[in-house]
Amino acid sequence: MYLKSGLMSFFKVKNIILLIIGAMLIMFGGFVLLSLRLTYIDDWNTFANAKATSPSVFNLILGVVLSICALISRRALFNAEFYSNYFEGDLDGYVTYEELADVTGMSAARVKLQLFIMRPIYLRNVRAVKRDNRRMLELYSKKALCQCRNCGAQIEKRVYFTGVCPYCQGSDLFARVLTDNRVYSISSSVSQGVRRPEFYTKKGLIGRIKGQIIVLCVSLGILLINGFMAIDMIQKYNDEKYFTKLILQGKLRNNSVLLEKQSMMDAVIFALVIIAITLIPLCIMVTRLRAAVNANRCAKCFARCKNPTVDLKSLPFRHTKTSKRIVKSIRHSIRLGYLKNCSIEKHGGTLRVMLAKRVVKDTCPNCGAAIIGAVNEHYQCPYCRKMLMGVVVKR
């Protein structure tokens, strides 16, 4: 409802194309430059003035720029989807920048800047207004009612998020929302995740963690071997005693110290290239492994909860971590797809993790039938005859 779906699909395809083109340009440009440098290792002037040098440098820079743009755009798409989902779960119709800053772990100024850029590109039905002398976002005009499925009692909006009806003590609570002649319901299926950590994690997460640890160990081994080899070659490069020993033992290749040094420099450059190629994925892998481990810990904590909300203080993070760092860790795991069926929200001035929230659009929350033509505050389902909307006016 708050996303421009067509443009979002276009931008996703565009990012994939940019990443492919960027990777190819980096690969070809880097390969040509490396080949030229190895060919003219002792002749910098020839290397710099070669016809293929300038185009290769341009391709390398262009590939890096395209890849960075694609990665930034991917992050922006994730943020846009996060804001859209958060807006759909809101029941008041107004969201402050400070609230969004808390649930994203960013500053309010950064949130304002993001939304200033995103709203015309990715989002719709959201506008910035000034209310009670505060700048905030007004969502598409909507009305909402919170209700208990067990006894049918109408409850206050803030009670819905506590998960307990004050009348029958039931926890099957939901909200019904009417906006733009459309009806959708917000509820929690937290019972599906009780004692089931896999409900909140990506399929095969444990296997992924084990695989990442194995790849991490292999990468570290490659890194250390090439690092020691490069250090050893650099130490021998200007060691006259070493070359004298090779000459006396007859082990000098082609009987030329110059050729031996060139061979050693080739080996050093090759080792450094391997280190550079290994180091970047290694850093990415470490952050992903950490996010996967955090997701697994959080999922085990969520599986012990029977209420739809979890306080951040009860999560299995170190006590020294601030709320902002915890929020960033959870959002990182969600962005990578390791955590699912959960979101960070702020209710009653407190940051909480909302579990198994379901937003069901255009269907009756009682019988599941399609809702058509809801044009006023009271809508009766033509199939189950349930009065769906006995809504209250937004204040």
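Structure first, text after, so check above.
Small disclaimer: the values here were computed from a predicted structure and weren't measured.

Where nonpolar side chains cluster on the molecular surface, the patch consists of Ile 16, Ile 20, Met 24, Met 27 and Phe 28 and spans about 510 Å² of accessible area. By secondary structure assignment, the location of Met 27 is in helix 1 (residues 5-39). Taking relative accessible area as the criterion, Met 27 reaches 51% and is therefore assigned exposed.

Applying the stated criterion across every chain yields a total of eight aromatic pairs. Judged by centre distance (5.7 Å) and plane angle (75°), the rings of Tyr 2 and Phe 87 are edge-to-face. Highlighted residues: Tyr 2 in the segment before helix 1 and Phe 87 in helix 3 (residues 53-89), separated in sequence by 85 residues. The two residues Tyr 2 and Phe 87 agree in class, both being buried. Ring centres of Tyr 83 and Phe 87 lie 6.4 Å apart, and the angle between their planes is 20°; on these two criteria the pair is classed as stacked. Placement of the pair is Tyr 83 and Phe 87 together in helix 3, with a separation of four residues, close to one helical turn. Classification of Tyr 83 as buried rests on a relative accessible area of 1%. What makes Phe 87 buried here is its relative accessible area of 0%. What links up through ring pairs into an aromatic cluster is the set Tyr 2, Phe 82, Tyr 83, Tyr 86 and Phe 87. Between Arg 131 and the ring centre of Tyr 94, over which it is positioned, the NZ or CZ distance is 4.0 Å. Lying across the ring of Phe 82, Arg 331 places its NZ or CZ 4.6 Å from the centre.

Hydrogen bonds between backbone groups are what pair the strands of a sheet, and the pairing can be parallel or antiparallel. An order of 1-3-2 is seen for the three strands of this open sheet, with the pairing classed as antiparallel. Bordering the open sheet on either side are strand 1 (94-96) and strand 2 (126-131), each of which pairs with just one other strand. Neighbour-to-neighbour, the strand axes of this sheet turn through a mean angle of 40°, independent of strand direction. When strand 1 meets strand 3 (residues 134-139), the two strands line up antiparallel, connected through three bridges. Following the sheet pairing, Tyr 94 is matched in strand 3 by Glu 138.

With that settled, consider the nonpolar core. Generally speaking, nonpolar side chains in soluble globular proteins are found buried as a group. Phe 87, Leu 100, Phe 302 and Leu 315 are the most contacted members of the largest nonpolar core, which has 76 residues in total. In terms of residues, this core owes the most to one element, helix 9 (residues 257-303), which gives eleven residues. In this structure Phe 302 touches Tyr 200, Val 310, Leu 315, Leu 339, Cys 342, Val 353 and Leu 355, once residues within four positions along its chain are discounted.

What counts as what
- Residues numbered from 1 in each chain as written.
- Predicted model: local features only at pLDDT ≥ 70, side-chain atom pairs only at ≥ 80, totals over all residues.
- Heavy atoms only, no water.
- Patch = residues over 30% accessible without salt bridge, like charges linked within 9 Å, V, L, I, M, F, W, Y side chains within 5 Å.
- Areas by Shrake-Rupley, 256 points an atom, 1.4 Å probe, with all protein chains shown as cover.
- Salt bridge = Lys/Arg side-chain N within 4 Å of Asp/Glu carboxyl O.
- Helix = DSSP H or I, 4+ residues; strand = E, 2+ residues; numbered from the N terminus.
- Buried < 20%, exposed > 50% of the residue type's maximum accessible area, 1.4 Å probe, protein only.
- Phe/Tyr/Trp six-rings, centres within 6.5 Å; stacked < 30°, edge-to-face > 60°.
- Lys NZ or Arg CZ within 6 Å of the ring centre and 35° of its normal.
- Pairing = 2+ DSSP bridges.
- Axes fitted to C-alpha atoms, helices over the stretch in contact; angles between N-to-C directions.
- Core = buried A, V, L, I, M, F, W, Y, C linked by side-chain atoms within 4.5 Å.
- Contact = heavy atoms within 4.5 Å.

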